[in-house]
Amino acid sequence: MSLITPLEVYKRLLTAYGPQHWWPADTPFEMMVGAILTQNTSWQNVETAITSLKMYHMLDCETIASSNLAQLGEVIRSSGSYMQKARYLQQFSIFYYKENRRAGLMKWPTSVLRKRLLGVHGIGPETADSILLYGLDKPVFVVDTYTKRLFVRLEHFGPELNYDSIQHYFLQRLPESLPLLQEFHALIVEHAKRFCRSKPQCDNCPLIEYCPTAMCSTMEISRIHTSEIE
Ligand code: SF4
């Protein structure tokens with residue numbers, strides 16, 4: 001079986017699911033808030049927290065930066081680990097405000113901007129890259145659990161590869177196209193929800209003819225799954 005290229009995976013997923021038009025948010029700041037709140041929780045919980053922030057007129061960096069932490073935590077309670085996320089959100093809002101919001105951040109080259117984002121307490125590589133890609137229109141590749149799981153199963157790399165190496169792998173093989181990179185991440189998430197779940201539903205998967213894992217026994221799939229991610 002020949003290895004399907006990342007670009008071909010993108011094309012096949014786009015054909016199967018259509019454009020996803022991510023990120024679901026009304027403003028870039030709302031997108032960034034969502035990227036922080038979505039850590040280790042479902043999108044439904046994030047939506048509830050964002051609706052709550054809007055209801056209390058708190059979805060603004062200046063308001064969050066100066067808010068009482070306990071009150072902020074209560075407002076975003078639905079997002080889980082809410083006091084920790086309230087701290088992260090406040091730290092990010094202070095940073096965003098001091099940097100003169102989106103316009104101020106946009107003046108930095110991507111590599112500098114990424115380092116600055118990673119310097120904010122609570123912002124890891126996946127969150128930083130999500131903010132860069134969807135909030136600041138920078139053509140980066142976001143690596144998440146779904147991406148790693150899919151491409152380990154497609155045998156592009158082993159489960160031991162770290163975040164930066166995986167990102168480098170894709171950036172070397174994909175065009176530096178913002179719309180493509182934005183769509184690709186969203187399509188991978190959609191694919192992981194529909195077919196490539198932790199227990200894969202391989203029947204009717206649009207990638208089945210290119211997937212060596214799909215031909216493994218149930219025991220083998222289980223072995224691959226348990227040794228992946230982290
Ligand atoms: S065939 Fe199965 S394991 Fe392979 S990509 Fe599709 S759902 Fe995932």
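Our subject is the structure listed above.
So, a few notes on the structure that sits alongside this text. (Residues numbered from 1 in each chain as written. Predicted model: local features only at pLDDT ≥ 70, side-chain atom pairs only at ≥ 80, totals over all residues. Heavy atoms only, no water.)

**Remarks on the site of the ligand**
Then, in step 1: Close contacts around the ligand come from Leu 150, Arg 153, His 191, Phe 195, Cys 196, Pro 200, Cys 202, Cys 205, Ile 208, Cys 211 and Ala 214, and that covers them all.
Then, in step 2: In this structure the site holding the ligand corresponds to the largest cavity.
Then, in step 3: For the shell around the ligand, the residue count by class is nine nonpolar, one polar and one charged. (Near = heavy atom within 4 Å. 1 Å grid on protein atoms, 1.4 Å probe; cavity = no way out; pocket = protein on both sides within 12 Å on 5 of 7 lines; lining within 4 Å. Sits in = over half its atoms within 2 Å of the grid points. Nonpolar A, V, L, I, M, F, W, Y, C, P; charged D, E, K, R; others polar.)

**Points about the layout of surface pockets**
Left-over empty space is what a probe sized like a water molecule reveals as it rolls over the atoms.
Then, in step 1: Roughly 710 Å³ of volume is contained in the largest pocket.
Then, in step 2: Taken together, 23 residues line the largest pocket, and the ones lying closest to its centre are Thr 38, Gln 39, Thr 41, Glu 126 and Asp 144.
Then, in step 3: For the lining of the largest pocket, a count of residues per class yields nine nonpolar, eleven polar and three charged.
Then, in step 4: Two domains each donate at least three residues to the lining of the largest pocket, and these are domain 1 (6-19 + 143-226) and domain 2 (28-135). (Points joined across faces, edges and corners; volume = space filled by probe spheres on them. Domains from an automatic or database assignment.)

**Regarding the pattern of salt bridges**
Opposite charge on two side chains permits them to pair, given that their charged atoms come into close proximity.
Then, in step 1: Scanning the model with the defined rule gives twelve salt bridges in all.
Then, in step 2: Linking Glu 8 and Arg 12 is a salt bridge whose minimum nitrogen-to-oxygen distance equals 3.7 Å. With Glu 8 and Arg 12 both in helix α1 (residues 6-17), this residue pair falls four residues apart, about one helical turn.
Then, in step 3: The exposure class assigned to Glu 8 is partly exposed, which follows from its relative accessible area of 30%.
Then, in step 4: A residue is classified by how much of its surface remains accessible, and Arg 12, at 24% relative accessible area, is partly exposed.
Then, in step 5: The partner of Arg 12 in a salt bridge is Glu 209, with the nearest N and O atoms 3.3 Å apart. Of this pair, Arg 12 sits in helix α1 while Glu 209 sits in the loop between α12 (178-194) and α13 (218-226), and the two are 197 residues apart along the sequence. (Salt bridge = Lys/Arg side-chain N within 4 Å of Asp/Glu carboxyl O. Helix = DSSP H or I, 4+ residues; strand = E, 2+ residues; numbered from the N terminus. Buried < 20%, exposed > 50% of the residue type's maximum accessible area, 1.4 Å probe, protein only.)

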